[in-house]
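Architecture and fold: a report
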Amino acid sequence: MRVMVTGGAGYIGSHAVKVLLDAGVDVLVVDNLERGHAEAIERVRALPGVGENRLAFQQCDVGEAGVVGALLSAYQVKTVLHFAALAYVGESVTDPLRYYRANTSAALALLRACDSAGVERFIFSSTCASFGEPPPDRIPIAEDTPQHPINPYGRSKLMVEHILADHAHAARLAGKPFSYACLRYFNVAGADPDGVIGEAHDPETHLIPIVLQVALGQRDAVTIFGTDYPTPDGTCVRDYVHVIDLIDAHLAVMKALQPGEARYYNVGIGRGYSVREIIEACRRVTGRPIEATEGERRPGDPPELYNAPAKIRNELGWEAKYTNLDEIIASAWAWHSAHPSGYANT
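Residues numbered from 1 in each chain as written. Predicted model: local features only at pLDDT ≥ 70, side-chain atom pairs only at ≥ 80, totals over all residues. Heavy atoms only, no water.

1. Observations regarding the sheet that holds strand S11 (residues 262-267)
Strand order in the open sheet formed by 7 strands is S3-S2-S1-S4-S5-S6-S11, with parallel pairing between adjacent strands. Each of the sheet's edge strands pairs with one partner strand only, and the pair in question is strand S3 (55-59) and S11. Each strand of the sheet is rotated relative to its neighbour by a mean of 15 degrees, with strand direction disregarded. In this structure, strand S2 (residues 26-31) lies alongside S3, joined through 5 bridges in parallel fashion. When the bridges of S3 are listed, valine 27 appears paired with leucine 55. On the sheet, helix H9 (residues 243-256) packs against strand S1 (2-6), strand S4 (79-82), strand S5 (121-127), strand S6 (179-185) and S11 and is oriented at approximately 160 degrees with respect to S6. (Pairing = 2+ DSSP bridges. Helix = DSSP H or I, 4+ residues; strand = E, 2+ residues; numbered from the N terminus. Axes fitted to C-alpha atoms, helices over the stretch in contact; angles between N-to-C directions. Contact = heavy atoms within 4.5 Å.)

2. Brief notes about the packing of helix H6 (residues 96-117) against helix H7 (residues 152-173)
At a closest axis distance of 9 Å, the pairing of H6 and H7 adopts a crossing angle of 20 degrees. Taken together, the axes of H6 and H7 are roughly parallel relative to one another. Note on packing geometry: the crossing formed by H6 with H7 is right-handed. Two secondary-structure elements touch here, H6 through Pro96, Tyr99, Tyr100, Asn103, Thr104, Ala107, Leu108, Leu111 and Asp115 and H7 through Pro152, Tyr153, Arg155, Ser156, Met159, Val160, Ile163, Leu164 and His167. Of the residues in the contact of H6 with H7, the class split is 12 nonpolar, 4 polar and 2 charged. (Parallel < 35°, antiparallel > 145°, perpendicular 65-115°, else oblique. Left-handed = near helix turned anticlockwise from the far one by under 90°. Nonpolar A, V, L, I, M, F, W, Y, C, P; charged D, E, K, R; others polar.)

3. Topic: the environment of tyrosine 100
If you trace the backbone, tyrosine 100 turns up in helix H6. C-alpha of tyrosine 100 to C-alpha of glutamine 258: the two residues are 158 residues apart in sequence and 30 Å apart in space. Ignoring sequence-local partners within four residues, the contact set of tyrosine 100 consists of Ser105, Pro152, Arg155, Ser156 and Met159.

4. Some remarks on the nonpolar core
Counting 73 residues, the largest nonpolar core has Ile12, Leu20 and Leu55 as its most contacted members. Among the elements that line this core, the one with the most residues is H9, at 8 residues. With residues up to four places along the chain from it excluded, the contact list for isoleucine 12 reads Phe83, Tyr185, Val188, Val243, Leu246 and Ile247. With 29 residues, the next largest nonpolar core counts Val30, Cys114, Ala168 and Tyr180 among its residues. (Core = buried A, V, L, I, M, F, W, Y, C linked by side-chain atoms within 4.5 Å. Buried < 20%, exposed > 50% of the residue type's maximum accessible area, 1.4 Å probe, protein only.)

5. Points about the layout of surface pockets
For the second largest pocket, the calculated volume is near 200 Å³. Every residue lining the second largest pocket is counted, 17 residues in all, and those nearest its centre are Ala200, His201, Gln213, Ser341 and Gly342. Of the residues contributing to the lining of the second largest pocket, the split by class is 6 nonpolar, 8 polar and 3 charged. (1 Å grid on protein atoms, 1.4 Å probe; cavity = no way out; pocket = protein on both sides within 12 Å on 5 of 7 lines; lining within 4 Å. Points joined across faces, edges and corners; volume = space filled by probe spheres on them.)

6. Some remarks on the sheet that holds strand S14 (residues 304-305)
Taken in spatial order, the 3 strands make up an open sheet running S12-S9-S14, and their pairing is mixed. Strand pairing shows two members of the sheet lacking a second neighbour, strand S12 (273-274) and S14, which therefore form its edges. Note that strand S9 (residues 237-238) and S14 share 2 bridges and pair parallel. Bridging across to S14, arginine 238 finds its partner in leucine 305.

7. Concerning the packing of aromatic side chains
What the rule picks out here adds up to 3 aromatic pairs. Ring geometry for phenylalanine 178 versus tyrosine 180: centroids 6.5 Å apart, planes at 20 degrees, classification stacked. Comparing phenylalanine 178 with tyrosine 180 shows no difference in burial state: the two are buried. When the ring of tryptophan 335 is compared with that of tyrosine 343, the centres are 5.2 Å apart and the planes differ by 55 degrees; the resulting orientation is tilted. Judged on exposure class, the residue tryptophan 335 and its partner tyrosine 343 are both buried. Following the ring pairs from residue to residue traces out a cluster consisting of Phe178, Tyr180 and Tyr264. In this structure, lysine 311 is placed above the aromatic ring of tyrosine 265, and the distance from its NZ or CZ to the ring centre is 5.4 Å. (Phe/Tyr/Trp six-rings, centres within 6.5 Å; stacked < 30°, edge-to-face > 60°. Lys NZ or Arg CZ within 6 Å of the ring centre and 35° of its normal.)

8. Focus on the pairing of S6
On a regular strand, one side chain projects to one face of the sheet and the next to the other, so that they alternate. Extensive coverage of S6 is indicated by the burial of 7 of its 7 residues. Pairing between S5 and S6: 7 bridges, direction parallel. Pairing of serine 125 across the sheet is with leucine 183, part of S6. In this region the chain leaves S5, passes through H7 and returns to the parallel neighbour S6; the handedness of that crossover is right-handed. (Right-handed = clockwise from strand over helix to strand, strands pointing away.)

9. Regarding unusual backbone geometry
Glycine aside, a negative phi is what most residues show, and trans is what most peptide bonds show. A cis amide bond links isoleucine 139 with the next residue in sequence, proline 140, at an omega value of 5 degrees. Relative to the assigned elements, proline 140 resides in the loop between S5 and H7. Cis geometry marks the peptide bond from aspartate 202 to proline 203, where omega comes out at 5 degrees. Among the secondary structure elements, proline 203 is positioned in the loop between strand S7 (187-189) and helix H8 (207-215). The phi dihedral of leucine 33 falls on the positive side, at around 65 degrees, and the residue is not glycine. Among the secondary structure elements, leucine 33 is positioned in the loop between S2 and helix H2 (38-45). A relative accessible area of 23% places leucine 33 in the partly exposed class. Phi is positive for glutamine 76, close to 55 degrees, though the residue is something other than glycine.

This is the structure in structure tokens:
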């Protein structure tokens, strides 16, 4: 069986590639390398027992339907894991058309290619941003929480969820065995426990890597945006799921999907950690001083966002293995301290 992973040279996608290969699944990666790293693919390909026979790579945009369709047919792909996307909320506000093209239009072209090539299972990397700012009585966030995204990034992803539902309905009417799942996840953190691949963004916008950059001396301080929220310590609270747990959830869904099914899961650990808790944990793990300064709230930052994991646990038996914050951060620190400039250190 060969699975296509779009965005497989990116942070989450590259971890999916490695976990799939470890599970005995051969992989075809499609990535335009706009924000992915070819070195991540090369590092995984160099692992014992992998090589070019088990890990194929094509540099192209997932919106290139002709190229992607030919690849799907040539490799007889029946399952697609779609991670390729742009994911900076602020950038989506200043350049929304870029996000609708990369996230929505490209997914539409990919689905056309999948339909022509007879792909039977499609697992979509969605986002908790599709929920916008749920009211306090909907925290933790369950799958039936109303989706009201407040930025183009969240809207561009939610549109794909709607497109998938409509396409699946048409496939059922045509008697095609198409099934799909949408996984909406929260803050992804950590790195491959083997240290082969990890997180490398430019610019970096995720809290844990930013705090670790302060520990490495690459930043003078981390700014806490808002200290007067109605939370235990006044700072925002978020759900952090380890990247390996996240990929394990994808594999569980991939195995469970039956012809004609549609599944929706929110993926997280089921509790939140505050910004101050993240900073303190980074100090403990690294053993280094980390300067923190206090700033004003950022517009659109809800006080709390974390997941209600009951549905995926009850239906698939999936639970996060990494629930200790220090353990999550330790895997990230192992990667960042060994690769302070990301893949440029190789």
